[in-house]
Amino acid sequence: MLPRWAVRILRWVLPADRVEDALGDLEEVHRARLAHRRAAGAHLLTLLEAVEMAGAVVLARAGARYTPPVSWIDVKLGLRMLRKHPALTLVGGLSMAFGIFVGAACFEFYSQVLHPQIPFDEGERVVDVALFDTRTREPERRLLHDFLAWRTGLTTVEDLGAARPIVPTLATGDGRAEPIRGAAMTASAFRMTRVPPLMGRTLDASDERAGAPDVVVLGHEAWRTRFGSDPDVVGRRALLAGVEHTIVGVMPEGFGFPSNEELWTPLRVEAGSIQPLQGPGVLVSGRLAEGVTLEQANAELNAVMAAARLERPEAYAQVQPQVAPYAEAFLGVTDLSSRLGVMSINVFAALFLALVCGNVALLVFARAAAREAEIVVRTALGASRRRIVLQLFTEAMALAALAGLLGITAAGWGLERFVSEVLGGNPAFWFHTSLSPRTVVYAAGLAVVGAVVAGVFPALKLTARGMESRLRGASAGGGGLRFGGVWTALIVIQVAATVTFPAVGSFVQEEAANIRAHDFGVATEEYLTARIALNPARGAGAGSDSAGASDEAARHARVVGELKDRLEADPSVRGVTLAADLPGTYHSWRRIELDEGGAAPRNRVDEEGPGRWVSGGKVAPGFFQVLGVRAVQGRVFTDDDTAPDARTVVVNQAFVDSVLGGRNPLGRRIRYLGSGERWDGVALGDEPGPWHRIVGVVPNLGMGNGASGGPRFGGFYHAVPIGSPQAPLLIARANGPAATLSGRLREVAAATDVDVSLLAVRTLDGAKEEALRLYAYWTWVIVGASGLALLLSLAGIYAVMSFTVARRTREIGVRVALGAGPARVAGAVFRRPLIQVAGGIVLGIALSGLLGWGINPEDLGAMPVGLLLAYGTLMAGVCSLACIVPVLRALRVEPAEALSAEA
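Brief notes about the packing of helix H6 (residues 144-153) against helix H9 (residues 294-311)
If you want to describe how two helices pack, look at the angle between their axes and the distance between the axes. Remark: H6 packs on H9, axes separated minimally by 12 Å, with the N-to-C direction vectors making an angle of 125°. The orientation of H6 with respect to H9, classified from their angle, is oblique. Crossing of H6 against H9: the hand is right-handed. The residues of H9 that touch H6, namely those facing Asp146, Trp150 and Gly153, are Glu300, Leu301, Val304 and Met305. Of the residues that constitute the contact of H6 with H9, the class distribution is 4 nonpolar, 1 polar and 2 charged.

Here it is in structure tokens:
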């Protein structure tokens, strides 16, 4: 009687009308050969000899036929294998789909950041013209004076235009008055875009003249939501920042230049009114002239600025001109380091996909190894190694195709979530939330690569040279194929990922929980916050800004001061203050040193060199009093601390604990360490800043990357005057629930000045929830990666264990026959996977420590090692569950059956 696998293979490889004849011939030859060997006293017929006989008979009966490398039958067989092994299909398909999802999403992000497509006619020729501060490596946008010179002096850039963001209040006929994103822009900027209006006209040069009528161009979204898509909107009047404007045009859907604005007014600038590198910041853009390259435009701009530097060396000594592609300059990815940073995201995605596909290859190899006898028969029937490899690749490709469809769908959903949750639903106008065709092609390529890794590599291992000796060993019960070092490494890495991803996820969740649960010591429901936006001073129009920098700063201080006084006089308000950042949200890092004995201790985020990174904040006098916070030591700020020569700071308790080791901070001094830092708006370059004296200590209000107030979030505060642009956030304490104060806050702001707008009005708790959006998004990503890692670990260990038990059936039978007990048999089977799991857990704990708690020994000492060890023990138990079924199968092996299994 032929083995079942031989009958199954014949039914796969032969036409139906030839199967019975071939079976009869094989049975006859097999019985004759077996009888001959037994009569001669030889051993039983080996598997290899039986296959050679079967191949000769079948080839003789069926005849040699040419078959294409991959046929529809191969595809059907691949789909049949997916149905036959649902566990492998589910685990492998989900794993590859997640890898393709990560790869496609990262590639789309990479493409839209490094290779953005401006949706204009010849959009690749649209450029940004700017100056860079060589000390801070940041763009210098106070360019109105230079813009007027460039507009007549540059020949390589045409239609040079300027735009300045504004946020005026737009009042419509229905009585609704709300802030709206807009831009004061020159008519040349509209010409540069080459986008015709949907209705009416765009801005004209005559609109920029002093005394010209006030006009406005609406964006498609503003026309739809504020004016109900009125087809007769052109010519209507709209109250913008308290002044009537005539609507002269509506732009088509999708237009939002320079970023994502919804309306445009003329930018009016008087020649000679602005001095070099003074005045408001503007974006200057243009279009490369016909036949001009980016290098030629930069060369001309450098020549123009060299001449300007000779005339005014004090103004232009520390700036460097640059012409760059518009979108890349807008996103800040024009230099090599920033581009490499974005590219590293795509590299990470490729490595992640390689790891996932390698783990799937482990599962496929374990399944394919069980089909080794089938491979031998097909080889004996005339199939070449190439043919076998193509067949297994086709099977893997069927799985990869399904995974690709799922991964592409998930990537599109993830991109929409990224825009809504992380970018707040307001990306640049050229940023699209659907996958581009090249990303779909890239994802298809990832699927093919995944099929190669998961199908071709195991097939090459399975059909490697030495098959004859492996088959003879298999027929003797000694095992043929074995898992080598590569497969062992994959198991260790995936177990490590199983530990690392949840550990990092718990770290992120801990940070989010700290922000959400941190008690500021104040009734947060009583506080309302808003960002103050002050539009340019009105001269000849809404976009005018003829005042000097000092006049504009004085105007800002006057308007904000008046707004504060009006709010404090309102009976529904108990107190008002201002700050650069809200409690419980991110505060920027600053590198400092102490004046006692040299540099302060270094911590995990420190760069090469002395100093320590801590969080810094700027607040107005009265900030702590309005929040009801009292000094733990010393005092809080007064108006005297805003004087230029005061140079005082207040630190939080975490600063005292982590930086000073609990010592008395009063009277000690700190200073910035330069390297791009600014003090009072002036770049420090590479020189340290002035010393600042510590005058008080306050409780931890949440600074840095979280709000736990622990030792890793030490920080300090500077005092800035009321109305300083460095503290644009308003915090008002209500006499009752803060939510009832929102409408009144906007009314007072509108009555104070028509050019002031309050944005993002929400409670202090609402601001905290806003900061948690990014944590929530990455939590979902980490949860998905954790589930994938756990699923792969369990499936991989189970596959390896099942393969090992199947290969060692005869050995286990011999051990049992010689008297080995269940414990010794289980130990022999368990030893290798247990070592692999233990190695992966140790590696995962080490990686978790580095990623979550830093590389500083002090931080590692504070790491909850016990928690990680408990988690590692739990993971060892979970992974061990994958070994139970194979081990029980091994313990049920009967010695007689094992010894005669290959007879």
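Some details on the confidence of the model for the protein chain
Mean pLDDT over the protein chain stands at 75; residues scoring 70 or higher make up 64%. Within the protein chain, the element-level pLDDT minimum falls on helix H26 (residues 857-861), averaging 40, and the maximum on strand S8 (residues 215-218), averaging 95. Confidence over residues 59-67 falls short of pLDDT 50; this stretch has 13 contacts with residues more than four positions distant or in other chains.

What about helix H15 (residues 437-462)?
Over its 26 residues, H15 runs 37 Å from end to end, which matches the ideal 38 Å to within 8%, given 1.5 Å per residue. The largest bend along H15 reaches roughly 25° and is located at Val452.

Observations concerning unusual backbone geometry
The omega torsion of the bond from Phe257 to Pro258 falls at 10°, within 30 degrees of zero and hence cis. Counting through the fold element by element, Pro258 comes out in the loop between strand S10 (243-250) and strand S11 (263-266). Of note in the backbone geometry, Glu122 takes a positive phi value of approximately 50° without being a glycine. Structurally, the position occupied by Glu122 is in the loop between helix H5 (86-114) and strand S1 (126-133). For Ala241, which is not glycine, the phi torsion reads 55° and is therefore positive.

What counts and what doesn't
Residues numbered from 1 in each chain as written. Predicted model: local features only at pLDDT ≥ 70, side-chain atom pairs only at ≥ 80, totals over all residues. Heavy atoms only, no water. Axes fitted to C-alpha atoms, helices over the stretch in contact; angles between N-to-C directions. Helix = DSSP H or I, 4+ residues; strand = E, 2+ residues; numbered from the N terminus. Parallel < 35°, antiparallel > 145°, perpendicular 65-115°, else oblique. Left-handed = near helix turned anticlockwise from the far one by under 90°. Contact = heavy atoms within 4.5 Å. Nonpolar A, V, L, I, M, F, W, Y, C, P; charged D, E, K, R; others polar. pLDDT = per-residue confidence, 0-100. Expected span 1.5 Å × (residues − 1). Bend = angle between axes of the 7 residues up to and from the residue.

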